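Here are the chains, one letter per residue:
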Amino acid sequence: MNQEIEIDVFTPVVDPYTPLAEAHARCPVTRTVGGAVVVTGRQNVHDVFADAEAFRNELKPPQPGVEPSLVHMDGPDHHRLRKLVVRAFTPRAVKRLEEPTRRFANELIDAFVADGSVDLSADYCFVLPAMVIAELVGIPEGDRRRFVEWASEAIEYSVPGREGEAPSANELREYVTGIVEERRRTPGDDLLSDLIGVHEGTDSLSTGELVALVRQLILAGTDTTANLLASMFHFLLTEPERWERVLEDRALVPNAVEETLRLEPPLYWVPRRTGADVEVGGTTIPANTMVCTAVGHANRDTDHIADPLEWDLDRPAMENRRHYTFGYGEHFCIGSSLARLEGIVGLQAVLDRLPDLRLVQDYEFVPHGPLMIRGVAHLPAVFTPGS
């Protein structure tokens, strides 16, 4: 690792992939700002994800009195909690969200369909996933707008390096605690009720663990899916012939979702922290170093597909899942099926309702951040007003 060379992966830019490729050509481990390092290359990213002992998910010490989230746990505690959560996060639990997701998508479109214009990113992509998570947890309809606001604030304060919690964190915890206690008394047809009911022998989830899981669902399932949707619409609408093809052939919808996940992952790098000195690609990374695992570069550094730097609508979805967008190994994303469902349904609804959707003529791509987050800040679009 050349100590004189440093790149910045913490500042959102239009093209972070060229600097990553240039860094990888010199060395797969490169210094980045603030004492962190970035790891590039498909095999190296695989090795980081595969070694959960050397590369830890606990990025900072847990706060007293606050249950850590599943995504920031390691070892036996993580194994225990994940085993319980997986029992509730079944294909059936995801499938029953398909109809509500379609309903929410149409409700959002109803709000602007008569206008003939919309910022698709702000008014659709970044609202739909929060509404789905609220449904997943069983939040009453009258509280969902407030829940969306809490989710937005929680996401803002969740990024690595941001100190403290969102101002509404305690309010959110108290609210979710009340929902948990209500579901214990009267179970419903929602994931939270399923989570309350799972057990391994005498072991089950405590109220604190359930509250932490709901918060994790907000953080892991809202902004990431919003960025998936926004990036997908960007790829489809910047080349109108792609939009026309998907309009004519809806079998291409899953391909569009999967190719976006591969080429423009919502988190283009994923943080880890070294638990000891560890070697990657011939370079020793010291213990207690923050590692930015460059998923976005790994997904493009591949020889198993043709033209990996191109967004290709013809890549079959089921054959295009050998990417690292959802991680790998012990911490593989439990919500990957839900993200794909929201991407498919979210695109189908817009195709049905706004067939002549097009970006405004002076559209310019502005990346949505911060830090490792990749999406589209604004998607100003026009269409024929409808009903």
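A few points on the structure. Because the structure is predicted, anything quoted here is derived from the model rather than measured.

Things to note about the sheet that holds strand 4 (residues 55-56)
No. 1: Pairing is mixed across the open sheet formed by six strands, whose spatial order is 1-2-3-11-8-4. Each edge of the open sheet carries a strand with a single partner, namely strand 1 (6-7) and strand 4.
No. 2: Two elements, strand 3 (residues 37-39) and strand 11 (residues 290-293), share three bridges in a ladder whose sense is parallel. Bridged to Val-37 within strand 11 is Val-291.

A word on the state of the cysteines
No. 1: As enumerated under the stated definition, the model contains zero disulfides in all.
No. 2: Not part of a disulfide, Cys-292 finds its nearest cysteine sulfur in Cys-27, a span of 15 Å.
No. 3: Judged by its relative accessible area of 0%, Cys-292 is buried.

Here we look at the packing of aromatic side chains
No. 1: Using the criterion set out here, one finds nine aromatic pairs in the structure.
No. 2: Consider the rings of Tyr-17 and Tyr-268, whose centres lie 6.0 Å apart with planes at 75°: the pair is edge-to-face. Taken together, the residues span a long stretch of sequence, with Tyr-17 in helix 1 (residues 17-26) and Tyr-268 in the loop between helix 14 (253-263) and strand 8 (270-274) at a distance of 251 residues.
No. 3: With a relative accessible area of 8%, Tyr-17 lands in the buried category.
No. 4: For the pair Tyr-324 and Tyr-328, a centre-to-centre distance of 6.3 Å together with 70° between the ring planes defines the contact as edge-to-face.
No. 5: Given the relative accessible area of 8%, Tyr-324 is considered buried.
No. 6: Given a relative accessible area of 37%, Tyr-328 falls into the partly exposed group.
No. 7: By way of ring pairs, the aromatic residues Phe-49, Tyr-324 and Tyr-328 are connected into one cluster.

Here we look at the side chain of Asp-119
No. 1: Mapping Asp-119 onto the fold places it in strand 5 (residues 117-119).
No. 2: The class for Asp-119 is buried, based on a relative accessible area of 17%.
No. 3: If we skip the residues at most four places from it in the chain, Asp-119 touches Tyr-124, His-378, Leu-379 and Pro-380.

As for unusual backbone geometry
Peptide bonds are trans in most cases, and residues, glycine excluded, mostly fall at negative phi.
No. 1: Cis geometry is adopted by the peptide bond preceding Pro-370, which originates at Gly-369 and carries an omega value of 5°.
No. 2: Along the chain, the position of Pro-370 falls in the loop between strand 13 (367-368) and strand 14 (375-376).
No. 3: Of note in this structure, Asp-307 is not a glycine but carries a positive phi near 50°.
No. 4: One non-glycine residue, Leu-371, adopts positive backbone phi at about 55°.
No. 5: Tracing the sequence through the fold places Leu-371 in the loop between strand 13 and strand 14.
No. 6: Judged by its relative accessible area of 13%, Leu-371 is buried.

Brief notes about the nonpolar core
No. 1: Counting 87 residues, the largest nonpolar core has Tyr-124, Phe-233, Trp-243, Leu-338, Leu-347 and Leu-357 as the members making the most contacts within it.
No. 2: Here this core gets nine residues from one element, more than from any other, and that element is helix 12 (residues 223-238).
No. 3: Ignoring sequence-local partners within four residues, the contact set of Leu-338 consists of Phe-89, Val-94, Leu-97, Val-132, Ile-133 and Leu-136.
No. 4: Within the second largest apolar cluster, 16 residues are counted, among which are Ile-7, Val-9, Leu-20 and Ala-23.

Cut-off values and rules
- Residues numbered from 1 in each chain as written.
- Predicted model: local features only at pLDDT ≥ 70, side-chain atom pairs only at ≥ 80, totals over all residues.
- Heavy atoms only, no water.
- Pairing = 2+ DSSP bridges.
- Helix = DSSP H or I, 4+ residues; strand = E, 2+ residues; numbered from the N terminus.
- Disulfide = S-S within 2.5 Å.
- Buried < 20%, exposed > 50% of the residue type's maximum accessible area, 1.4 Å probe, protein only.
- Phe/Tyr/Trp six-rings, centres within 6.5 Å; stacked < 30°, edge-to-face > 60°.
- Contact = heavy atoms within 4.5 Å.
- Core = buried A, V, L, I, M, F, W, Y, C linked by side-chain atoms within 4.5 Å.

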